[in-house]
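Reading the structure
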Amino acid sequence: MVRGPVVAELAIETSGLVKTFGSKRAVDGVDLAVPAGGVYGFLGPNGAGKTTTIRMLATLLRPDGGWARVLGHDVVREADAVRARVGLTGQYASLDEDLTGVENLVLLGRLLGFSRGRARSRAGDLLAAFGLADAAGRQVKTYSGVCGDGSTSRRASW
Ligand SMILES: Nc1ncnc2c1ncn2[C@@H]1O[C@H](COP(=O)(O)OP(=O)(O)OP(=O)(O)O)[C@@H](O)[C@H]1O
Ligand SMILES: [Mg+2]
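Worth saying up front: this structure is predicted, and the values here are computed from it rather than measured. Here the residue numbering is sequential within each chain, running from 1 through the sequence in written order. Chain A is the first chain written and ligand 1 is the first ligand written, with later ones labelled in order. With the structure being a predicted model, the display of local features is reserved for residues of pLDDT at least 70 and the display and counting of side-chain atom pairs for 80 or more, all residues being used for whole-chain, interface and lining totals. Excluded from the side-chain calculation are hydrogens and water; included are all heavy atoms of the structure.

Let us look at the site of ligand 1. The local shell around ligand 1 consists of Phe21, Lys24, Ala26, Pro45, Asn46, Gly47, Ala48, Gly49, Lys50, Thr51 and Thr52. In this structure, an oxygen atom belonging to ligand 1 sits 3.2 Å away from a main-chain N or O atom of alanine 48. Within the backbone of glycine 49, one N or O atom sits 2.9 Å away from an oxygen atom of ligand 1. Residue exposure ignores everything except the shown protein chains as possible cover, and the areas themselves are Shrake-Rupley values with a 1.4 Å probe. Contact with the protein chains hides 63% of the accessible area of ligand 1, taken as 640 Å² for the molecule alone. Helix and strand definitions follow DSSP, with helices as H or I runs of at least four residues and strands as E runs of at least two, each counted in order from the N terminus. Breaking the shell around ligand 1 down by element, the ones donating at least two residues are strand S2 (24-35) and helix H1 (50-57). Put simply, a residue is near a molecule or strand once any heavy atom of it comes within 4 Å of that molecule or strand. Under the rule applied, a polar contact is a pair of N or O atoms within 3.5 Å (in protein, one hydrogen donor and one hydrogen acceptor; residues adjacent in sequence only if both atoms are side-chain atoms).

Within H1, burial applies to Lys50, Thr52, Thr53, Met56 and Leu57. Along the axis of H1, the buried residues cluster in a sector spanning 165°; they form a single face. Looking at the buried residues of H1, the elements they touch are strand S1 (10-21), S2, strand S3 (65-70) and helix H2 (79-85). Only protein chains enter the accessibility calculation, which uses a 1.4 Å probe; a residue is then buried when its area is under 20% of its type maximum, exposed when over 50%, and partly exposed in between. The directions from the helix axis to the C-beta atoms form the arc being described. Any two residues whose heavy atoms approach within 4.5 Å at even a single point are treated as in contact.

Our focus in this paragraph is the side chain of threonine 53. Following the sequence through the fold, threonine 53 ends up in helix H1. In this structure threonine 53 comes out as buried when scored by relative accessible area, which is 0%. Contact partners of threonine 53, with chain neighbours within four places excluded, come to Leu17, Val27 and Phe42.

This next bit is on the pairing of S3. For S1 and S3, the ladder comprises five bridges, and the chain directions are antiparallel. Looking at S3, one finds that valine 18 is bridged to glycine 65. Paired strands, in this sense, are two strands between which DSSP finds at least two bridges. Of the strand pairs in this sheet, S3 and strand S4 (residues 73-74) are connected by two bridges, and their pairing is antiparallel. Among the inter-strand pairings, valine 70 is bridged to a residue of S4, identified as histidine 73. Linking two consecutive strands that pair antiparallel, namely S3 and S4, is a turn of two residues; a positive phi of about 50° is found at leucine 71 within it.

Scored from 0 to 100, pLDDT reflects the predictor's confidence in each residue. In the predicted model, the chain carries a mean pLDDT of 87, and 85% of its residues have values of at least 70. Considering only residues more than four positions removed or in separate chains, one finds that residues 147-158, a stretch of pLDDT under 50, has 19 contacts.

We define a nonpolar core as any set of buried Ala, Val, Leu, Ile, Met, Phe, Trp, Tyr and Cys residues linked to one another through side-chain atoms lying within 4.5 Å. Counting 13 residues, the largest nonpolar core has Leu17, Val30, Leu32, Met56, Ala68, Val70 and Val75 as its most contacted members. Elements with a minimum of two residues in this core: S2, H1 and S3. Sorting elements by how many residues they give to this core places S2 first, with four residues. What valine 70 contacts, discounting residues up to four positions off in sequence, is Ala11, Leu57, Val75, Val82 and Val86.

Below is the structure:
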């Protein structure tokens, strides 16, 4: 796992984070300090504990040891505050493949309560921020979803 530079404002902070399933120690003391305002890759071999860690950060699993804060809120004691501030998706889970990238973003914005205009402008902002404007008008089913092993698994890849 790569550790990002420590700055004053952290989006994610964990210390000694642990999760066990029976005798299996799936996450064994993870320390993270992820700065706000960036894109952070969370990499590791199969079974390393990535998904389990993400599920704890998203309040879907309760840690068995250590602590984690997301945007300043403890994932156990302030789980509602964390849930109100984060979004979590797999690679395909929430996309309509017959729609274009920008149509999917506008749809999600509308579902979150944005007006049509605000959803469109926010979609444009995000596509520009991630350098994806060129792909925005293509149907999602034309996008590459190739996994590291060359398969086109539809499994969520986090
Ligand atoms: N609900 C569960 N019950 C029992 N064992 C589990 C459970 N969830 C995960 N594990 C085990 O915990 C370990 C970490 O799993 P996890 O899914 O977090 O790894 P990962 O890094 O996301 O792997 P992958 O790259 O395959 O997605 C694995 O050994 C897995 O079999
Ligand atoms: Mg995983």
